[in-house]
Amino acid sequence: MQTDPSHYMIELREVSHAYKTKAGPLPVLDNLSIKIPENSFCAVVGPSGCGKSTLTRLVSGLMKPNEGQVWLHNKLVTSPRPTVGMAFQNPVLLEWRTILQNILLPLEIVKSPMSRAEAVERAHHLLDLVGLTGFAEKRPSELSGGMRQRASLCRSIIHKPDVLILDEPFGALDAFTREDLWCTMHDLREEEPFTCLLITHDLRESVFLADQVVVMSGRPAHAQYVLDVDIPGKRTLDDLYAPKAVEMLATLRHQIQVAQGRTEADAPAAPPPKPARSQPVPGAMQ
Amino acid sequence: MNDTARKILAPTIFIVAILGFWEWAVWYNDLPDFRMASPSDLIPRYVQFWDLFLVKSWETLWRTVVGLGLAVVVGTLIGMVMGFSQFAREGLYPILVGFNAIPKATVVPIVALMFVGQHDFNTILIAFMISFFPVAVSVSIGLSTLEPEYRDILRSLGASNFTIFWKIALPKTLPEFFGALKVAVTLAFIGTNLMEIVSPHGRGLGDLFDSGRISADYPLMFAVLFALAALGILLFYVVVFLERIFAGWAERSPG
């Protein structure tokens, strides 16, 4: 196994993992390799139950893989790291704190060069960015689901993490709120770049947000397909309806069907994937 | 009618109505003092024994509060152990349920024999034994039902288990904890009085009650009951007040 440091911000090297169950080990990940360069955005899609959430727990250091290595910022991940920010489908805001106190929570754990005043100022700035101006002193129970998720995003980046891990953060929101938050994500990245790993079920979301989309195979999962999304410049929702994006979505849909075992990998998709832009992972498609 | 007026008026009307009915029922049936007391009989007893009522109430109150305090500390500790360790939960649960099922009136003579003469200690012990169960159960349920994401948001930043407990698990359990504490307050009073009445030692309102019982002084016995109710209400509202301060966030504004 290679032991030289990774040149990527996030790198998974031949990671395999199995859960212990009463019926014996349940393999979830099998030889999964993903490479995410600094400040790029990687979306991971796949059939349900393929181990996407396991992936977030491995990258954040909450769990150790049975085999293989997870590298983060040139360091081997063995335990949780304060340079990581996380947000989940459930916004998990603490009901007894105000929105501002919720957002400042990570700074109570992580040592930061920011003073208290700077942190509060930064929190207010982030709230402005996500469209929650004036909500700092409100309680979570006074906010709608979409607003809570926005607050949760602010909390996940308050301590300026270099890696942001998002586990289906927009999954429980209605379609319009979701699209709104996608645009918010682009605004946040423009403001301060970070490397992002997004787990999602939504193919449009993955194409709109990511620089690279990884399709995971069925369980035990490996990286079945990698799609490079080259939509240059600042993306707008209209880009999703351009022929290029539609073609990418068709490719991803086809790959998901393959992962679900509904279609043979070599059966033609409509329209067929273009290898010039998207490279299958070597050895992943037998 | 505005809210404050209703909150004061409604209970007042009901209390006056019930006392009135009681007074009328005793008068109508022409029951003498030694058969049944009427509310108007109680006032002379309070006037006659006001100093005794103050001293005995204080004895009952402080021993109940100490027993309750012990129940909170020990109950929380047991709840924490059961909340964090499934092994401990499965091992302790049947023991706790069995212990709680024993009528405490049967434990009183045993305790009184074991610690002969240690009246304050015995009383506190019974108040504690009868009231720690709801606290332990509520804390353990609060902790064991903590959603894993709550733990993960701090754990992913490298927070220790103690930090997670202090910043998330503990405050999140507070509403359940105060719910249990309201039950425990009433139970603790039962415990104190059990000791004072079943194993008489001349202290507390239970002792005053016992003197009334021996001399078939119904007005005195009822006067003690009302004094006990007053203490119970007082302590209950102290808990409500603390709940407002520490877990007021859990109360949603109506509508």
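Predicted, not measured: the structure shown is a model, and the values here were computed from it.

Visitor: Let's hear about the overall build of chain B: which residues, and what values?
Guide: In terms of helices and strands, chain B carries 10 helices and 0 strands. Helices and strands appear in chain B in the N-to-C order α-α-α-α-α-α-α-α-α-α. C-alpha atoms of chain B, sized along the principal axes, occupy 75 × 60 × 30 Å. The buried share of chain B, taken over its 255 residues, is 36%. Relative to all contacts within chain B whose residues are 6 or more apart in sequence, the contacts with residues 24 or more apart total 75%.

Visitor: Quick one: what's the story with the overall build of chain A, residue by residue and with numbers?
Guide: In terms of regular secondary structure, chain A is built from 7 helices and 10 strands. Across the 286 residues of chain A, 43% fall into the buried class. Excluding contacts between residues fewer than 6 apart, the proportion of contacts in chain A whose partners are at least 24 apart in sequence is 71%.

Visitor: Account for the interface of chain B and chain A, with residues named and values stated.
Guide: Contact with chain B, which involves 16 residues of that partner, is made by 18 residues of chain A. Those elements that provide at least two residues to the side of chain B that touches chain A are helix H7 (148–155) and helix H8 (161–198) of chain B. Ranked by the residues each element gives to the side of chain B that touches chain A, the list is headed by H7 of chain B, at 6 residues. A class-by-class count of the residues in the side of chain B that touches chain A yields 9 nonpolar, 3 polar and 4 charged.

Visitor: Give a description of helix H5 (residues 175–191) of chain A that names residues and reports values.
Guide: Residues and elements named next belong to chain A. An ideal rise of 1.5 Å per residue puts 24 Å on 17 residues; H5 measures up with 25 Å between its terminal C-alpha atoms. The set of residues buried in H5 consists of Leu-181, Met-185 and Leu-188. End-on view of H5: buried residues confined to an arc of 70 degrees, all on one side of the axis. When the buried face of H5 is taken as reference, the exposed residues oriented beyond 90 degrees from it are Ala-175, Phe-176 and Glu-190. Contacts made by the buried residues of H5 are with helix H3 (116–129), helix H4 (145–157) and helix H6 (203–209).

Visitor: Give me the environment of Ala-127 of chain B: which residues, what numbers.
Guide: Residues and elements named next belong to chain B. Within the secondary structure, Ala-127 sits in helix H6 (residues 119–144). In the structure, Ala-127 is positioned 68 residues away from Glu-59 in sequence and 13 Å away in space, judged by C-alpha atoms. Beyond its immediate stretch of four places on either side in the chain, Ala-127 contacts Arg-63, Thr-64, Gly-67, Leu-68, Ala-188, Gly-191 and Thr-192.

Visitor: Which residues make up the confidence of the model for chain A, and what values do they have?
Guide: Per-residue confidence for chain A averages 82 on the pLDDT scale, and 90% of its residues sit at or above 70. Note on residues 272–278 of chain A: pLDDT under 50 across the span, and 8 contacts to partners over four residues away in sequence or across chains.

Visitor: Run through the sheet that holds strand E10 (residues 223–228) of chain A, naming residues and quoting values.
Guide: Residues and elements named next belong to chain A. Across the sheet, which stays open at both edges, the 6 strands sit in the order E6-E7-E8-E3-E9-E10 with mixed pairing between neighbours. In the strand order of this sheet, the two ends are held by strand E6 (84–88) and E10, each with one partner. Taking each pair of neighbouring strands and ignoring which way they run, the sheet shows an average axis angle of 15 degrees. Note that strand E9 (residues 212–216) and E10 share 5 bridges and pair antiparallel. Counted as the bridge partner of Met-216 is Ala-223 from E10. Helix H1 (residues 52–59) contacts strand E3 (41–45), strand E7 (163–167), strand E8 (195–199) and E9 of the sheet and is inclined by roughly 150 degrees relative to E8.

Visitor: Describe H6 of chain B, listing the residues and the values that go with them.
Guide: If you check H6 of chain B, its first and last C-alpha atoms are 38 Å apart, about what 26 residues at 1.5 Å a residue would give, namely 38 Å. Burial analysis of H6 of chain B places 22 of its 26 residues in the buried class, the great majority of the element.

Visitor: Tell me about the nonpolar core, and name the residues and values.
Guide: By size, the foremost hydrophobic cluster in this structure holds 133 residues, and its most contacted members are Cys-42, Val-44, Cys-154, Leu-198 and Val-213 of chain A. When residues in this core are grouped by element, the largest group, 14 residues, is from H6 of chain B. Those residues within four positions of Leu-198 of chain A in sequence are excluded, and the remaining contacts are Phe-41, Ala-43, Val-44, Leu-166, Leu-209 and Ala-210 of chain A.

Visitor: Describe the pairing of strand E1 (residues 10–21) of chain A, and please don't skip the residues or the numbers.
Guide: All names here are of chain A. Across 9 bridges, E1 lies against strand E2 (residues 24–36) in antiparallel orientation. Bridge pairing in E2 links Thr-21 to Gly-24. Two strands pair when backbone bridges link them, and E1 and strand E4 (residues 67–72) are joined in this way by 5 bridges, in the antiparallel orientation. For Leu-12, the partnering residue across the bridge sits in E4 and is Val-70.

Visitor: Could you give an account of the packing of helix H9 (residues 204–214) of chain B against helix H10 (residues 218–247) of chain B, with specific residues and numbers?
Guide: Residues and elements named next belong to chain B. At a minimum axis separation of 8 Å, H9 and H10 run at an interaxial angle of 160 degrees. Taken together, the axes of H9 and H10 are roughly antiparallel relative to one another. In this structure, H9 crosses over H10, and the sense of that crossing is left-handed. Contact with H9, carried on its side by Leu-205, Leu-208, Phe-209, Gly-212 and Arg-213, involves Leu-220, Met-221, Val-224, Ala-227 and Leu-228 of H10 and no other residues of that element.

Visitor: Could you give an account of unusual backbone geometry, with specific residues and numbers?
Guide: Residue and element names in this part refer to chain A. One non-glycine residue, Glu-14, adopts positive backbone phi at about 45 degrees. Mapped onto the secondary structure, Glu-14 falls in strand E1. The exposure class assigned to Glu-14 is partly exposed, which follows from the 16 C-beta atoms found within 10 Å. In this structure, Asn-74 is a non-glycine residue whose phi angle is positive, near 65 degrees. One can find Asn-74 in the loop between E4 and strand E5 (75–76).

Thresholds applied
Residues numbered from 1 in each chain as written. Chains lettered and ligands numbered in written order. Predicted model: local features only at pLDDT ≥ 70, side-chain atom pairs only at ≥ 80, totals over all residues. Helix = DSSP H or I, 4+ residues; strand = E, 2+ residues; numbered from the N terminus. Buried ≥ 20, exposed ≤ 12 C-beta atoms within 10 Å, placed from the backbone. Contact = placed C-beta atoms within 7 Å. Nonpolar A, V, L, I, M, F, W, Y, C, P; charged D, E, K, R; others polar. Expected span 1.5 Å × (residues − 1). Arc of directions from axis to C-beta. pLDDT = per-residue confidence, 0-100. Pairing = 2+ DSSP bridges. Axes fitted to C-alpha atoms, helices over the stretch in contact; angles between N-to-C directions. Core = buried A, V, L, I, M, F, W, Y, C linked by C-beta atoms within 7 Å. Parallel < 35°, antiparallel > 145°, perpendicular 65-115°, else oblique. Left-handed = near helix turned anticlockwise from the far one by under 90°.

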